[in-house]
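# Analysis of the macromolecular model
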Amino acid sequence: MERARPLFRGHDQPRVPTELGYYDLREPGVRSGQAELAAEHGIEAFCYWHYWFEGKRLLERPFAEILSSGEPSFPFCLAWANESWSRRWLGEERDILQEQSYSEADDVEHARWLAEAFADERYLRIDGRPVYLIYRPRHLPEPRRTAQAVRAECERAGLADPYLIGVDAHCPGQDCRELGFDSTLAFEPQLDALPDYAADGPKLSKLLRNLRRSVFSARLKIYDYAAARQLMTAIERDFPFHPCVFAGWDNSPRRGRDGVIVTGNTPERLEEGLREAAELVAARPQPEQLVFVNAWNEWAEGNYLEPDRSNGRELLEAVRRAATEPAPA
């Protein structure tokens, strides 16, 4: 991340953290500092990515220590990032480093581990039901079987029926209730909704679009935040769902001149998006009025709320206003 360089005039790179600095999540003080910042700004829980591969957990130490230590005392839930790891970061299955596989026996083993995490008193619940998300619900060979395994193990452990949410990041418009879940997360950023997103390499349409921003590049994929969100939120969903608002996006530190860059993600636009998202769930029972923000600290994708050199705490302040203050008249 710190080796990133600007690719055009006004490109905000490198992104430099301020208050929390370049940290190591294995340090308890870092995790406490994150929780304190979140709580101060109206964020009610963290949703941690969870990596499980046939009983093998990866990047597990920070969350394992959160469970074992009881600190920080801040609510959380889990989202299973059930996709293979490859040398390309965006999920394409090329040069597989760790393959994601499935089996009925693994469903049960995984569900038993999850039930232990769900039992933690800090775990986020809806009417007593632990909230659990699955990133690629349609990758599951038998999603109803997997969902039922989690429900059965929770019942066996004396826990309430879990509230299962399927993430539609790679199946936009999918009503995950059809797969055995309780609800759907309308994921952002929904990059597939953007023109030329999937086209790597030079292309005339990219050049023409970038020239309007005074950027001479036929490779970079540059979008305006408000226009991008308009395309993403236009995806038809005629069923109940939980909205998600993304903080920003710039993966050029990973993808270089084939990067996807969203500009204009101001605190004001983030606040507006969050208020619109809150309106979408306002008619649901109060415990189900969940709104997700993506993300807290995806720095290499330019998708984060943590304080940085460019904005300080302004993005966090936008979240706080949207969460705790009435909309301006």
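A brief structural summary. (Residues numbered from 1 in each chain as written. Predicted model: local features only at pLDDT ≥ 70, side-chain atom pairs only at ≥ 80, totals over all residues. Heavy atoms only, no water.)

### Considerations on the pattern of salt bridges
- Scanning the entire structure with this criterion turns up 32 salt bridges.
- R61 is the salt-bridge partner of E65, the closest N and O atoms lying 2.8 Å from each other. Of this pair, E65 and R61 both sit in helix α2 (residues 61-69), 4 residues apart, which is roughly one turn of that helix.
- Each member of the salt-bridge network shares a partner with another, and the members are R129, R151, D161 and D182. (Salt bridge = Lys/Arg side-chain N within 4 Å of Asp/Glu carboxyl O. Helix = DSSP H or I, 4+ residues; strand = E, 2+ residues; numbered from the N terminus.)

### Description of a nonpolar patch on the surface
- There is a patch of nonpolar side chains on the surface, built from L204, L208, L211 and F216 and spanning about 460 Å² of accessible area.
- Residue position: L204 is located in helix α5 (residues 204-211). (Patch = residues over 30% accessible without salt bridge, like charges linked within 9 Å, V, L, I, M, F, W, Y side chains within 5 Å. Areas by Shrake-Rupley, 256 points an atom, 1.4 Å probe, with all protein chains shown as cover.)

### Quick notes on the packing of aromatic side chains
- One pass over the structure, following the stated rule, counts 19 aromatic pairs.
- Between Y48 and F76, the aromatic rings sit 6.1 Å apart at their centres with planes inclined by 50 degrees, giving tilted as the arrangement. Taken together, the positions of Y48 in strand β1 (residues 46-50) and F76 in strand β4 (residues 76-80) put the pair 28 residues apart, joining distant regions of the chain.
- Of the residues examined, Y48 reaches a relative accessible area of 22% and is grouped as partly exposed. (Phe/Tyr/Trp six-rings, centres within 6.5 Å; stacked < 30°, edge-to-face > 60°. Buried < 20%, exposed > 50% of the residue type's maximum accessible area, 1.4 Å probe, protein only.)

### Section: α5
- Taken residue by residue, α5 has K206, L207, R209 and N210 as its buried positions.
- Taken together, the buried residues of α5 touch β11 (221-224). (Contact = heavy atoms within 4.5 Å.)

### A short note on the nonpolar core
- In this structure, L78, V131, Y132, L133, V150, I165 and L185 are the most contacted members of the largest nonpolar core, which totals 39 residues.
- Looking at this core, the elements with two or more residues in it are α2, β4, α3 (104-118), β8 (129-134), α4 (143-156) and β9 (163-167).
- In this structure L78 touches C47, Y48, H50, F63, W113, L114, A117, Y123, V131, Y132 and L133, once residues within four positions along its chain are discounted.
- Formed by 29 residues, the second largest nonpolar core is a distinct cluster that contains I43, V245, A247 and L316. (Core = buried A, V, L, I, M, F, W, Y, C linked by side-chain atoms within 4.5 Å.)

### A closer look at the state of the cysteines
- Per the stated rule, a full pass over the model turns up 0 disulfides.
- In this model C47 remains outside any disulfide bridge; the closest cysteine sulfur is found in C77, 3.6 Å from its own.
- C47 sits in the partly exposed class, given a relative accessible area of 32%.
- C154 carries a free sulfur, and the closest cysteine sulfur to it, the one in C77, is 14 Å from it. (Disulfide = S-S within 2.5 Å.)

### A few points about the environment of P143
- Relative to the helices and strands, P143 resides in helix α4.
- If sequence neighbours within four positions are ignored, P143 has contacts with P137, L179 and F181.

### As for α3
- Between the first and last C-alpha of α3 there are 21 Å, a value that for 15 residues agrees with the 21 Å anticipated at 1.5 Å per step.
- Residues of α3 that are buried: D106, D107, H110, A111, W113, L114, A115, A117 and F118. (Expected span 1.5 Å × (residues − 1).)

### Remarks on the pairing of β4
- The buried count for β4 comes to 5 of 5 residues, which makes it a mostly enclosed element.
- Burial of the side chains of β4 extends over both faces: F76, L78 and W80 are buried on one face and C77 and A79 on the other.
- As judged from the 5 bridges shared by β1 and β4, these two strands associate in the parallel manner. Its bridge partner lying in β4, W49 is registered against A79.
- Bridge analysis of β4 against β8 gives 3 bridges, and the strand direction is parallel. In the strand pairing of β8, L78 is matched with Y132. (Pairing = 2+ DSSP bridges.)

### Some thoughts on the sheet that holds strand β13 (residues 249-250)
- Taken in spatial order, the 3 strands of this open sheet run β11-β14-β13, and their pairing is mixed. The two strands at the open ends of the sheet, each matched to only one other strand, are β11 and β13.
- Across 4 bridges, the pairing between β11 and strand β14 (residues 260-263) is parallel. Bridging across to β14, I222 finds its partner in I261.

### A look at the environment of A39
- Within the secondary structure layout, A39 lies in helix α1 (residues 28-40).
- Classification of A39 as partly exposed rests on a relative accessible area of 47%.
- Separated by 96 residues in sequence, A39 and Y135 place their C-alpha atoms 25 Å apart.

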